[in-house]
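These are the residues of each chain, in order.
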Amino acid sequence: MIRVELAKLFRRPRTYVIAGLLCALPLIVAIFLATTRIPPPPGQGGAFLSAVLSNGALYPAAAMALVLPVFLPVSVAVLAGDAVAGEASAGTLRYLLVRPVGRSRLLVAKLISLVVFVLFAISAVLVTSYLTGITLFGASTSSAGVALPPDVTSLSGVTISPAGLVLRLLGTVAYIVISMVGVAAIALFLSTVTDSALGAAMGALAVLVTSQVLVTLDAAQAIRPYLPTRYWLAWIDFFREPVLWRDIERGAGIQLVYLVVLLGAAWANFLTKDVAN
Amino acid sequence: MIRTKDLTKRYGRTTAVDGVDLEVREGDRYGLLGPNGSGKTTLVRMLLGLVFATRGEIEVLGRPVPRRVREVLPSIGALVEGPGAYPNLSGRTNLAVFDAAGPGGRRRDRRARIDQALERVGLGGIDRRPVKAYSLGMRQRLGLAAALLRPPRLLILDEPTNGLDPRGIREVRDLLAELNRDGVTVFLSSHLLSEIDAFCSRVGVMDRGRLVVQDDLDDLRVPTGRVTLGTPTPERAVALLDGRVEHRAGEILTVRHDDPGALNAELVAAGVTVTAIAAERRTLEEVVLAATTGSSDRVERVEAA
């Protein structure tokens, strides 16, 4: 079943369209930066953006910071919202279930294919943005390693080796996958509740937007640590020297809790659901 | 093959299926007849474990449903309320996807099985066009092919001839008859009387969620106590049978009489030529009309008392 889900994922043109759009955003930003050479003032704009002007090898990190807050979660919510509800409204869900495919299995296969999609999309963004960065800004990777940008480290002159950079990027990918699986869990749960794929995606986005607003609201400080988007940008801490683990650990922990609760709810709901569409 | 006891499904305050005791025997050609909205589809979905009953018991192929439905589903071919397919994939790929999704679809002979199933439903020459370019009739045939992909013991088909032209309907009927001869039990639901009449040996009639009739078609079509009679001299026959003729249309008379043989003898003895004679039987339509209360899609005004 997992193989079947993956085949369905990679046979659909929309998978590539979404990945292409995700890659296009950093490319557009890079073109503007490279032609004007006007860096955002430190502390404003996307993270790493001022640093990439001097070192293109850091551009994958900047690209992550660009797609993560809105673009990536939107695409994950759309795909996850469509996962069950889309099959239900296309009439294929009932044929899968009478095949028979166990309902739990189906749900697990859907989740795994979503994880694979996130990995695929992130890898595409990383690869294209690395190439973009190198071509447009040039790589100043000396044998001494990559200099970490001062706006992130608040310590100028710290350098990490290329191997270190790769390790940190891998950590970043893992952390973003965990965050996005949290998004997927919200949308997947809603997808088992409604037969409207659009409704499920909208619902998940509503949760995320609400969370984003509350994160910035001082009056909501009491619940801030428990909001799903609170630690989304904690992966930037991978690029500090030394790596600042506190928020990364908390963020991963929160996502794990959301994941368990929402997947449990999705599972319980789907197992007892009348497939009447 | 299928047996339900007091099967009931409520959605909120509406009762979709109400105390149904269904019995489909091995080798039957069972036709479930009923207007749209009479609960046929809900009943079919409960048999397949898609919808969970509010009350009652289901047994399919000797296993309780939905508890052990996964043991019997591999031997069931099903078409539930229209075919479902991935629109961006070709018909062949769709069948392969569904075959690979569940157990028992061995990979080695998958191609051969798909070709054979497509051939059987008349899609043997199908190309690589995606399903979204198919006509409704082609999709229906594809859905049928999916039901036949692994030789089923029981076919559960909900409105199998939807969207087919008269020739297509005939082809599907012939295919089902062939399968039935090979020992496959066929359970089909339809709102089309003629379809059930032409194919089924056993009939159930649903009306507002209840199963109001369930019997062999031959037993349902009892003689009405009338005889239809053809004669080139209808005036003489009418004069002879004085008062027993109920209806006259040209040379065809409808006579109130229990025994066509005795009537024939009586007429011949009186010198009346008989060109045709047969006992009139109830049509399936009459059976259905007598058993059902009203059209389910009519909304009557309720008069205030």
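Going by the structure above, here's the rest.
Computed from a predicted structure; not experimentally measured.

1. Examining the sheet that holds strand 10 (residues 202-207) of chain B
All names here are of chain B.
Next up, step 1: Pairing is mixed in the open sheet, where 6 strands are placed in the order 7-8-9-4-10-11. Because the sheet does not close on itself, it has two edges, and the strands there are strand 7 (76-79) and strand 11 (210-216). Each strand of the sheet is rotated relative to its neighbour by a mean of 10°, with strand direction disregarded.
Next up, step 2: Note: strand 7 against strand 8 (residues 154-158), 4 bridges, orientation parallel. Counted as the bridge partner of Gly77 is Leu155 from strand 8.
Next up, step 3: Together, strand 7 and strand 8 form the strand contacts of helix 5 (residues 136-147), whose direction differs from that of strand 7 by roughly 165°.

2. Structural notes on the pattern of salt bridges
Next up, step 1: Scanning all chains against the criterion turns up 38 salt bridges over all chains.
Next up, step 2: When the shortest N-O distance is used, the salt bridge between Lys110 of chain A and Glu5 of chain A registers 3.1 Å. Placement of Lys110 of chain A in helix 7 (residues 103-137) and of Glu5 of chain A in helix 1 (residues 2-11) is noted, with a sequence separation of 105 residues between them.
Next up, step 3: Look at Lys110 of chain A and you get buried, because its relative accessible area is 6%.
Next up, step 4: The closest approach of N and O atoms between Arg99 of chain A and Asp99 of chain B, which form a salt bridge, is 3.7 Å. Of this pair, Arg99 of chain A sits in the loop between helix 6 (92-97) and helix 7 while Asp99 of chain B sits in helix 3 (residues 91-101), which puts the two residues in different chains.

3. Examining the sheet that holds strand 12 (residues 223-230) of chain B
All names here are of chain B.
Next up, step 1: As summarised here, the arrangement of the 4 strands in space is 13-14-12-15, forming an open sheet in which the pairing is antiparallel. Here the strands that pair on one side only, and so sit at the sheet edges, are strand 13 (245-249) and strand 15 (276-281). Within the sheet, the average angular offset between the axes of one strand and its neighbour, ignoring direction, is 20°.
Next up, step 2: Here strand 13 runs beside strand 14 (residues 252-256); their pairing, made up of 4 bridges, is antiparallel. Directly across from Val245, in strand 14, lies its bridge partner Val255.
Next up, step 3: Helix-sheet contacts for helix 10 (residues 260-269) involve strand 12, strand 14 and strand 15, and the interaxial angle to strand 15 is about 150°.

4. Concerning the packing of aromatic side chains
Next up, step 1: Applying the stated criterion across every chain, the model contains 9 aromatic pairs over all chains.
Next up, step 2: With centroids separated by 6.5 Å and ring planes inclined at 70°, the aromatic side chains of Tyr95 of chain A and Phe98 of chain B adopt a geometry described as edge-to-face. In this pair, Tyr95 of chain A sits in helix 6 while Phe98 of chain B sits in helix 3, so the two residues belong to two different chains. Both residues of the pair, Tyr95 of chain A and Phe98 of chain B, count as buried.
Next up, step 3: Connected via pairs of aromatic rings, a cluster forms that spans Phe10, Tyr16 and Phe120 of chain A.
Next up, step 4: Positioned above the aromatic ring of Tyr231 of chain A is the side chain of Arg230 of chain A, whose terminal nitrogen or guanidinium carbon lies 4.4 Å from the ring centre.

Calculation notes
Sequence order sets the numbering: in each chain, residues are counted from 1 along the sequence as written. Chain labels run from A onward and ligand labels from 1 onward, assigned in the order the entries are written. In keeping with the predicted nature of the model, local features appear solely for residues at pLDDT of at least 70, side-chain atom pairs appear and are counted solely at 80 or more, and the whole-chain, interface and lining totals rest on all residues. The basis for every side-chain value is the complete set of non-hydrogen atoms in the structure, without hydrogens or water. Here the rule is simple: two strands pair whenever DSSP picks up at least two bridges between them. A run of H or I in DSSP becomes a helix once it reaches four residues, and a run of E becomes a strand once it reaches two; helices and strands are each numbered from the N terminus. Every angle, taken between N-to-C directions, lies between 0 and 180 degrees, and every axis is a line fitted to C-alpha atoms, over only the stretch in contact when it is a helix. Here a residue-residue contact requires only that any non-hydrogen atoms of the pair lie within 4.5 Å. The salt bridge criterion pairs a side-chain nitrogen of Lys or Arg with a carboxyl oxygen of Asp or Glu, the two atoms within 4 Å. Whether a residue is buried, partly exposed or exposed follows from its accessible area with a 1.4 Å probe, protein chains only, as a fraction of its type maximum: under 20%, in between, or over 50%, in that order. In this analysis, rings of Phe, Tyr and Trp, with Trp reduced to its six-membered ring, are considered paired at centre separations within 6.5 Å, and the interplanar angle assigns stacked below 30 degrees, edge-to-face beyond 60, and tilted for intermediate values. Here, over-ring charges are defined by two tests on the NZ atom of lysine or the CZ atom of arginine: distance to the ring centre within 6 Å, and angle to the ring normal within 35 degrees.

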